[in-house]
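Take a look at the letters that make up each chain.
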Protein chains: 2
Amino acid sequence: MPKRSPAATLDDIALHAQVHKTTASRALDPARRHMISPEVVRRVEAAARALNYRVNRAASALRTGRSGTVGVLLPDITNPVFPPILRGIEQALAAEGFFVMVADTGHEQSPDEAADRMLAQRVEGLIVATSSLRDPLVRRLSQDQAKVVLVNRRDEDGLLPSVVSDDILGMKLAVDHLVAQGHRRIAHLSGPLGLSTGALRKAGFEQALAAHGLQAAGHAECTAYSFEAGEDGARRLLDAGASFSAVVAANDLLALGAIQALQAQGRCVPDDVSVVGHNDMPLMDRVFPALTTVRILHYEMGYRAARLLLDSLRGVPGTTSTVVLRPELVVRGSSAPPA
Amino acid sequence: MPKRSPAATLDDIALHAQVHKTTASRALDPARRHMISPEVVRRVEAAARALNYRVNRAASALRTGRSGTVGVLLPDITNPVFPPILRGIEQALAAEGFFVMVADTGHEQSPDEAADRMLAQRVEGLIVATSSLRDPLVRRLSQDQAKVVLVNRRDEDGLLPSVVSDDILGMKLAVDHLVAQGHRRIAHLSGPLGLSTGALRKAGFEQALAAHGLQAAGHAECTAYSFEAGEDGARRLLDAGASFSAVVAANDLLALGAIQALQAQGRCVPDDVSVVGHNDMPLMDRVFPALTTVRILHYEMGYRAARLLLDSLRGVPGTTSTVVLRPELVVRGSSAPPA
DNA sequence: CTGAAAGCGCTAACAA
DNA sequence: TTGTTAGCGCTTTCAG
């Protein structure tokens with residue numbers, strides 16, 4: 001078999017184009033090309049094409065300390081909220097020539113370990129969607145002076161910049177909608193309270209009820225943002241004898257699980273019980289009944305998080321801010337006035 | 001603000017542990033640790049911990065030519081088939097200490113450009129889910145002698161190793177099911193015929209019909225694997241005056257779009273027309289009507305693709321194979337005997 | 001078992 | 001505008 005020719009280096013180009021490799025390096029870098037005469041640029045580019053040259057980013061990363069990569073820590077890419085976030089991140093970064101290294105830190109790997117390995121890879125920054133409210137990882141990372149942005153999560157002390165949806169407002173939209181429909185006995189299916197989304201949405205739910213002079217007709221904390229956890233949570237709510245005409249879930253999957261549990265007990269949605277979700281994940285308009293939910297701009301969330309990180313890498317000051325995006329209510333078939 | 005202390009290097013460790021940096025390097029590498037006395041290993045490890053040392057992978061990549069990264073090219077991560085594939089890839093690679101660099105090559109970036117940039121990053125291999133049947137990218141990559149595995153796609157000439165579902169069998173399962181229910185006039189909504197999935201599923205559909213002595217009751221090619229494209233395709237089928245009691249779509253999103261189009265024309269699914277999808281994407285059991293579909297093992301597909309690539313990187317011979325996974329039929333509410 | 005030397009490919013600093 | 005020199009941090013010889 002034909003021996004694999006080793007990749008061309010700057011020295012090869014220099015030889016071919018009859019210039020010094022430094023000159024070649026400059027000629028190939030748009031940012032430094034202006035120092036070089038057009039004629040030489042032309043020759044170097046021709047040589048680069050002829051030899052199928054590609055910079056060795058490993059080498060330039062070593063020299064410059066910039067790898068052109070950013071790490072993204074996700075708890076579970078198969079959870080439908082994350083793909084659009086990742087897409088937003090990826091597009092914002094790709095536009096600036098950066099690459100995304102993803103780690104799905106669900107089962108095998110711990111986020112800490114993954115973060116460590118990524119820092120060893122010399123990612124220039126980290127976007128974290130896995131952190132809980134008081135997360136030791138967050139502390140460690142800020143000590144390491146790593147550039148970090150949280151997405152769809154925030155830390156308790158607000159040490160780190162983050163991009164989130166306005167969870168308080170989101171729950172207010174849901175509650176106001178149900179109250180306007182005439183509901184008075186409204187229960188809540190919360191996410192894990194160790195996550196900022198879980199805690200904030202629960203708080204938002206209670207605040208919104210209080211504003212109407214109401215109290216929660218029941219609450220169950222779900223252990224994860226999954227269909228099964230929602231099913232289980234709703235079952236616990238029912239078993240506890242809670243009486244409610246509507247449920248606000250902290251997440252669409254929880255809402256779907258709740259609908260399943262309600263239907264299993266012979267309750268009809270929305271005739272007997274209204275259900276409102278949160279996120280407006282894809283296909284929520286196609287499930288049955290179509291889910292009334294709070295839409296979050298996931299793509300935008302990812303995009304903004306990446307922009308925030310890029311700004312911080314460029315040393316733009318004042319980037320320790322938190323971006324809060326405004327959610328909106330999407331009314332569909334799963335909510336209706338009480339019987 | 002406190003000046004950021006530069007990351008510790010092997011020299012720092014060497015100094016701290018009173019050994020040569022070569023020794024430190026060996027002591028920290030499990031694969032070479034055995035050359036070093038336990039006492040020295042202990043000292044080096046202590047120093048590493050004390051100084052919060054992390055290898056600089058950029059440096060070791062430069063030295064060894066191995067970056068510990070693999071590139072993944074996806075057409076659209078928000079398409080629900082890809083997250084489980086990506087997850088499978090990620091888990092297989094993470095288990096071997098590799099990282100995944102993703103590029104979503106939908107709009108902004110072309111796959112070619114992304115592949116080039118990834119090769120510049122010195123990824124050790126590429127997993128490609130974007131390629132069409134005769135893709136110049138594929139040719140280029142094989143010329144570059146880059147290590148490449150296709151996933152959920154194959155190339156026309158079978159030059160590259162790939163992991164796919166058995167599309168012919170999948171369509172046979174769908175058709176056999178409908179025929180068994182009594183359907184005789186069955187139409188096909190294909191994916192883009194430039195993709196291997198589009199072409200093979202169409203072929204499988206026709207073969208399966210022929211085996212029953214039947215012919216297609218109509219066919220429309222959809223321009224993409226999306227809800228809208230399915231809606232449009234079904235509309236074209238109807239406008240063309242095709243008469244059918246069942247439709248087999250090459251993809252679940254196409255099937256959902258088709259259901260939408262059928263319902264818009266006042267046809268009921270499954271009473272008037274049965275619809276079968278392909279992929280069994282998440283939530284297909286929750287849409288209305290719940291979708292009968294051909295289940296593909298996406299996670300496994302990704303996992304196997306990554307394993308194939310890893311084997312090839314390790315120089316295991318005979319890795320130019322194609323892995324074909326067996327799909328299964330999942331019968332739900334969208335298919336029923338014809339009226 | 002440990003150390004010395006060299007060099008992967010690149011770019012920043014300095015010199016001409 | 002171009003060239004020279006040096007060195008980023010690591011690992012692989014080769015020598016002790």
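Residues numbered from 1 in each chain as written. Chains lettered and ligands numbered in written order. Predicted model: local features only at pLDDT ≥ 70, side-chain atom pairs only at ≥ 80, totals over all residues. Heavy atoms only, no water.

## A closer look at the interface of chain B and chain A
The condition that has to hold: Residue contacts are defined here by distance: any two heavy atoms, one from each residue, within 4.5 Å place the two residues in contact. Buried area adds together the accessible area that both of two parts lose upon being put together, with accessible area traced by a 1.4 Å probe. For salt bridges, the criterion is a side-chain nitrogen of Lys or Arg within 4 Å of an Asp or Glu carboxyl oxygen. Counted as a polar contact is a pair of N or O atoms within 3.5 Å, where, for protein atoms, one must be capable of donating a hydrogen and the other of accepting one, and residues adjacent in sequence contribute only when both atoms are in side chains. Elements are defined by DSSP. Helices are runs of H or I of four residues or more, strands are runs of E of two residues or more, and each kind is numbered from the N terminus. Gly is placed with the polar residues, together with every amino acid not listed as nonpolar (Ala, Val, Leu, Ile, Met, Phe, Trp, Tyr, Cys and Pro) or charged (Asp, Glu, Lys and Arg). Criterion used throughout: strands pair if DSSP finds at least two bridges between them.
Across the contact, 64 residues belong to chain B and 62 residues belong to chain A. Summing both partners gives a buried area of about 5,200 Å² for chain B against chain A, and 55% of it is carried by carbon and sulfur. Of all residues in chain B, R54(B), F99(B) and R286(B) give up the largest surface area on contact with chain A, accounting jointly for 16% of the area buried on that side. Counting across the interface, chain B meets chain A through six salt bridges. Of the charged contacts in the structure, one is a salt bridge between R87(A) and D104(B), with a shortest N-O distance of 3.1 Å. On the surface where chain B and chain A come into contact, there are 28 residue pairs in polar contact (both at pLDDT 80 or more). Elements with a contribution of two residues or more to the side of chain B that touches chain A: α4 (57-64), α5 (82-94), β2 (99-104), α6 (111-120) and α11 (252-264) of chain B. Counting residues per element, the side of chain B that touches chain A draws most heavily on α5(B), at seven residues. For the side of chain B that touches chain A, the per-class residue count stands at 33 nonpolar, 16 polar and 15 charged. Of the pairings in the sheet, the one linking strand β2 (residues 99-104) of chain A to β2(B) comprises three bridges and is antiparallel in character.

## Focus on the relation of the copies chain B and chain A
Where we set the bar: Least squares is the method used to superpose the copies, on C-alpha atoms of residues holding a pLDDT of at least 70 in both.
Aligned on chain A, chain B shows an RMSD of 0.1 Å; the corresponding rotation is 180° and the shift along the axis is 0.1 Å. Taken together, these values place the two copies in the relation of a two-fold axis. Comparing contact sets, 97% of the residues at the interface of chain B also lie at the interface in chain A, consistent with an isologous, same-surface contact.

## With respect to helix α10 (residues 227-239) of chain B
All names here are of chain B. Which entries qualify depends on this criterion: Expected span, for any helix, means 1.5 Å times one less than how many residues it has. The rule is simple: take the accessible area with a 1.4 Å probe, protein chains only, and divide by the maximum for that residue type; under 20% is buried, over 50% is exposed, in between is partly exposed.
Spanning 13 residues, α10 covers 18 Å between terminal C-alpha atoms, matching the ideal 18 Å at 1.5 Å per step. All buried positions along α10 are accounted for by F227, A229, G230, E231, G233, A234, L237 and L238. Looking at the residues trailing α10, positive phi occurs at G241, about 80°.

## Notes on the protein's contact with DNA strand C
Our working definition: It suffices for a single heavy atom of a residue to lie within 4 Å of a molecule or strand for the residue to be listed as near it.
For DNA strand C, the set of nearby residues contains 26 residues, the closest of which are L10(A), S25(A), Y53(A), R63(A) and R63(B). Among the atoms of DNA strand C close to the protein, meaning within 4 Å, 60% are from sugar or phosphate groups. For DNA strand C, a phosphate oxygen lies 2.9 Å from a polar atom in the backbone of H20(B). R26(B) has a polar side-chain atom sitting 2.8 Å from a base nitrogen of DNA strand C. Counting only elements with at least two residues in the surface near DNA strand C, the list comes to α2 (21-28) and α4 (57-64) of chain A together with α2 (21-28) and α4 of chain B. For the surface near DNA strand C, the per-class residue count stands at nine nonpolar, 11 polar and six charged.

## Thoughts on the protein's contact with DNA strand D
Within the structure, DNA strand D sits among 26 residues, and R26(A), R63(A), L10(B), Y53(B) and R63(B) are positioned closest to it. At the protein interface, 60% of the atoms of DNA strand D within 4 Å belong to sugar or phosphate. The separation between a phosphate oxygen of DNA strand D and a polar side-chain atom of T23(A) is 2.7 Å. Mapped by element, the contributors of at least two residues to the surface near DNA strand D are α2 and α4 of chain A together with α2 and α4 of chain B. In terms of residue class, the surface near DNA strand D is made up of nine nonpolar, 11 polar and six charged.

## Some words on the pairing of strand β6 (residues 186-190) of chain B
Residues and elements named next belong to chain B. Counting buried residues in β6 gives five out of five residues, a clear majority hidden from the surface. Burial of the side chains of β6 extends over both faces: I186, H188 and S190 are buried on one face and A187 and L189 on the other. Sheet topology places β6 next to strand β7 (residues 219-221); three bridges connect them, and they run parallel. Paired with S190 across the strands is E221, a residue of β7.

## Here's the deal with the domain arrangement of chain A
Residues and elements named next belong to chain A. Where we set the bar: Throughout the structure description, domain borders are defined by an automatic or database domain assignment.
Along its sequence, chain A is carved into domain 1 (10-55), domain 2 (69-165 + 299-325) and domain 3 (167-297). For domain 2 and domain 3, the distance between their C-alpha centroids amounts to 28 Å. Domain 2 puts 14 residues into the contact, and the matching count from domain 3 is 16 residues. Counting the surface lost from both domain 2 and domain 3, the interface buries some 1,100 Å², and carbon and sulfur atoms represent 61% of this. Inspection of the domain 2/domain 3 interface yields zero salt bridges. Ranked by residue count, the leading element in the side of domain 2 that touches domain 3 is helix α12 (residues 298-313), at three residues. For the side of domain 2 that touches domain 3, the residue count by class is six nonpolar, five polar and three charged.

## Some points on the sheet that holds β7(B)
Residues and elements named next belong to chain B. Applied cut-off: To obtain an axis, a line is fitted to C-alpha atoms, over the contacting stretch when the element is a helix, and the angle between two such axes runs from 0 to 180 degrees between their N-to-C directions.
Read from one edge of the open sheet, four strands run β7-β6-β8-β9, paired in parallel fashion. Edge strands, defined here as strands with exactly one partner in the open sheet, are β7 and β9 (274-276). On average, adjacent strands in this sheet sit at an angle of 15° to one another, irrespective of strand direction. In the packing of α10 onto the sheet, contacts are made with β6 and β7, and the angle to β6 comes to roughly 140°.

## Brief notes about the packing of aromatic side chains
Just so we agree on the cut-off: Classification of ring pairs rests on two measures: the distance between centres of Phe, Tyr or Trp rings, Trp counted by its six-membered ring, which must be within 6.5 Å, and the angle between planes, read as stacked under 30 degrees, edge-to-face over 60 and tilted in between. Counted as over-ring charges are cases with an Arg CZ or a Lys NZ within 6 Å of the ring centre that also lie within 35 degrees of the ring normal.
Going through the model one piece at a time under the given rule, you end up with three aromatic pairs over all chains. Between Y299(A) and Y303(A) the ring centres are 6.1 Å apart and the planes differ by 25°, which places this aromatic pair in the stacked class. One end of the pair is Y299(A) and the other is Y303(A), both in helix α12 and four residues apart, which spans about a single turn. The ring of F99(A) carries R117(B) above its face, with NZ or CZ at 4.2 Å from the centroid.

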